[in-house]
Amino acid sequence: MTETSINRRLRIIQFTYLAALASFINYLALYLDSIGFSEFRIGVIHAVGAIVMLIIQPLLGRVLDRTQNFCQIVSVVLIACVLGVAAVPVLGSLIWLELILIILLYAIIKQFGGVFDLWTYQLKSDHPGISYGSTRGVGSIGEGLATFIVGYLIAWFGFAPMFILTIVCFMLTLLAAARMPNPRPAPQTDSAGQEAPRAQPDGVRARMQSIWSRRLVLYVASFLMVKVAVTLISTFCSLMVKRLGAGSEWYGFIILLCGIAELPVFMLLGRWCQGPRVRPGYLLCMGLGLLGSLMTALAQGLAVFVVGRIMLTIVYAMYTVINLEYVNQYVDASRRGQVILVIGAVSSGVSYIASSLLGGYLLELGSQSLMALVLTGLFVAALVLQTG
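Residues numbered from 1 in each chain as written. Predicted model: local features only at pLDDT ≥ 70, side-chain atom pairs only at ≥ 80, totals over all residues. Heavy atoms only, no water.

Caption draft 1: Helix α1 (residues 3-24), seen in detail. Counted at 1.5 Å a residue, the expected span for α1 with its 22 residues is 32 Å, and the 31 Å between its end C-alpha atoms agrees. The buried fraction of α1 is high, at 16 of 22 residues. (Helix = DSSP H or I, 4+ residues; strand = E, 2+ residues; numbered from the N terminus. Expected span 1.5 Å × (residues − 1). Buried < 20%, exposed > 50% of the residue type's maximum accessible area, 1.4 Å probe, protein only.)

See below:
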């Protein structure tokens, strides 16, 4: 398969997957609110889903590293997601069974972002012309469009279109992923048939030994602080828009604007954020994140909230690229899958648990100033850890 064909399929995969994620995950809080759950209980449900995700991600990374069988594994899991999403509205009268299924779907659907990013970076070893920035940027447009469309459909027809569009988008993702090539496995034996040591580029082992004990731990801890703050806003964004007096269609329009803003960031930042530019890029990310979080937390009107939410979207795009570039610099290719998904498990899992419980509690209190204080503390902690 040519690099042009792979790039085209990756764009389709990112577009349809993020459209499916947006259709289901972005409106999950509103759906749970509609069937009678309070903000704090919604936060608890998100937190339990994050705990399940925290368990699954490292195991999935290990399996993918050992087998490099992305195509078959992704196809099987996508089929399971289609069946699961179709079953959720059918189980409306069996509330506990419906909640268990929602939690499992939440944890599984969230995995795909890291898996598709890893798949792209692994394929780049054999196909240097593959562009992560352009493929992921197209995905942002898919997420924005789906959220925009579903917002209007929910306002007009209720939540049934949310499930239908999620299923359709996952099926399109499955069709695109089923014919994607797998990365070439790293050689495991030498010419005599004996197990060969994993080759590492000059200096990589020394750098890994120096950073795994201190620099990488501080980086992950700092990254975690930023992600808790950003996730706190994104998880409850639909409910915050509702509190400002706007409907689901306005939430959809906001996420569409966010998707449009993400596209150039993904396309340009991947080229700029190389080598020594990773750290200043991360510091810029934290500054924008603090400002955007405060604007959304303290907003009294929709306009200020929209600007702050777009800034947080840019921050998300920035730290996604920075995270991948950081791992790509310091981690040997044979362990990259485990490291990327372990960092994803720690940062995403812990951040979703903390932000879901904390955000649900703060929203029930209705204290904007307290939320702003918490967000400020998180970004200050991130800055201290990154410069430590």
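Picking up after the structure, the text goes on.
Caption draft 2: Expanded view of the side chain of Thr-16. Along the chain, the position of Thr-16 falls in helix α1. Side-chain polar atoms of Thr-16 contact the backbone oxygen of Ile-12, separated by 2.7 Å. Among the polar contacts made by the side chain of Thr-16, one reaches the side chain of Thr-173 at a distance of 2.7 Å. When neighbours within four sequence positions are excluded, Thr-16 is seen to be in contact with Cys-169, Leu-172 and Thr-173. (Polar contact = N/O pair within 3.5 Å; in protein donor to acceptor, adjacent residues only side chain to side chain. Contact = heavy atoms within 4.5 Å.)

Caption draft 3: Examining the pattern of salt bridges more closely. For the structure on display, the rule yields one salt bridge. Asp-33 serves as the salt-bridge partner of Lys-242, at 2.7 Å between the closest nitrogen and oxygen. Taken as a pair, Lys-242 in helix α9 (residues 237-243) and Asp-33 in helix α2 (residues 28-34) lie far apart in primary sequence, 209 residues in all. The class of Lys-242 is partly exposed, set by a relative accessible area of 45%. Among the residues examined, Asp-33 registers a relative accessible area of 23% and is labelled partly exposed. (Salt bridge = Lys/Arg side-chain N within 4 Å of Asp/Glu carboxyl O.)

Caption draft 4: The arrangement of the packing of α1 against helix α5 (residues 95-123) in detail. Two elements in contact, α1 and α5, have axes whose closest approach is 11 Å; the angle formed by their N-to-C orientations is 165°. In terms of orientation, α1 lies roughly antiparallel with respect to α5. For α1 against α5, the interelement crossing comes out left-handed. Residue-level contacts link Ile-6, Leu-10, Ile-13, Gln-14, Tyr-17, Leu-21 and Phe-24 of α1 to Leu-105, Ile-109, Lys-110, Phe-112, Gly-113, Phe-116, Asp-117, Thr-120 and Leu-123 of α5. Taken together, the residues of the contact of α1 with α5 sort by class into 11 nonpolar, three polar and two charged. (Axes fitted to C-alpha atoms, helices over the stretch in contact; angles between N-to-C directions. Parallel < 35°, antiparallel > 145°, perpendicular 65-115°, else oblique. Left-handed = near helix turned anticlockwise from the far one by under 90°. Nonpolar A, V, L, I, M, F, W, Y, C, P; charged D, E, K, R; others polar.)

Caption draft 5: Focus on helix α4 (residues 70-87). With 18 residues, α4 should cover 26 Å at 1.5 Å per step; its first-to-last C-alpha distance of 26 Å lies within 8% of that length. Those residues of α4 that sit buried are Phe-70, Cys-71, Val-74, Ser-75, Leu-78, Cys-81, Val-82, Gly-84 and Val-85.

Caption draft 6: Inspection of the nonpolar core at higher detail. The biggest cluster of nonpolar side chains holds 103 residues, and the ones touching the most others in it are Leu-32, Ile-109, Trp-119, Met-162, Val-226 and Met-371. Among the elements that line this core, the one with the most residues is α5, at 14 residues. Contact partners of Val-226, with chain neighbours within four places excluded, come to Tyr-282, Met-286, Val-315, Tyr-319, Phe-379 and Ala-382. (Core = buried A, V, L, I, M, F, W, Y, C linked by side-chain atoms within 4.5 Å.)

Caption draft 7: Spatial organisation of the packing of aromatic side chains. Here the structure, examined in full by the defined rule, presents 12 aromatic pairs. Plain terms: the ring middles of Phe-70 and Trp-119 are 5.5 Å apart, the flat faces sit at 25° to each other, and that makes the pair stacked. With Phe-70 in helix α4 and Trp-119 in helix α5, the pair connects residues that are 49 residues apart, well separated along the chain. By relative accessible area, which is 0% here, Phe-70 ends up buried. Take Trp-119: its relative accessible area is 0%, and that puts it in the buried class. Through pairs of rings, three or more aromatic residues link up here, namely Phe-148, Tyr-152, Trp-156, Phe-157, Trp-250 and Phe-253. (Phe/Tyr/Trp six-rings, centres within 6.5 Å; stacked < 30°, edge-to-face > 60°.)

Caption draft 8: View of the environment of Ile-154. Structurally, Ile-154 can be placed in helix α6 (residues 132-157). Put simply, Ile-154 and Gly-247 are 93 residues apart on the chain and 9.5 Å apart in space, counted from C-alpha to C-alpha. Not counting the four nearest positions on each side in its chain, Ile-154 is found in contact with Tyr-27, Phe-159, Met-162 and Ser-248.

Caption draft 9: Broad picture of the confidence of the model for the chain. Here the chain averages 77 in pLDDT, and 79% of its residues register 70 or above. Least confident of the elements in the chain is helix α8 (residues 204-235), whose mean pLDDT is 66; most confident is helix α7 (residues 160-177), at 93. Per-residue pLDDT stays below 50 along residues 188-213; that stretch engages in 30 contacts with residues further than four places along the chain or on separate chains. (pLDDT = per-residue confidence, 0-100.)

Caption draft 10: Structural context of the state of the cysteines. Evaluated as defined, the whole model comprises zero disulfides. Among the cysteines around Cys-237, which has no disulfide bond, Cys-258 carries the closest sulfur, lying 7.1 Å off. Judged by relative accessible area, Cys-237 falls into the buried class, the value being 0%. (Disulfide = S-S within 2.5 Å.)

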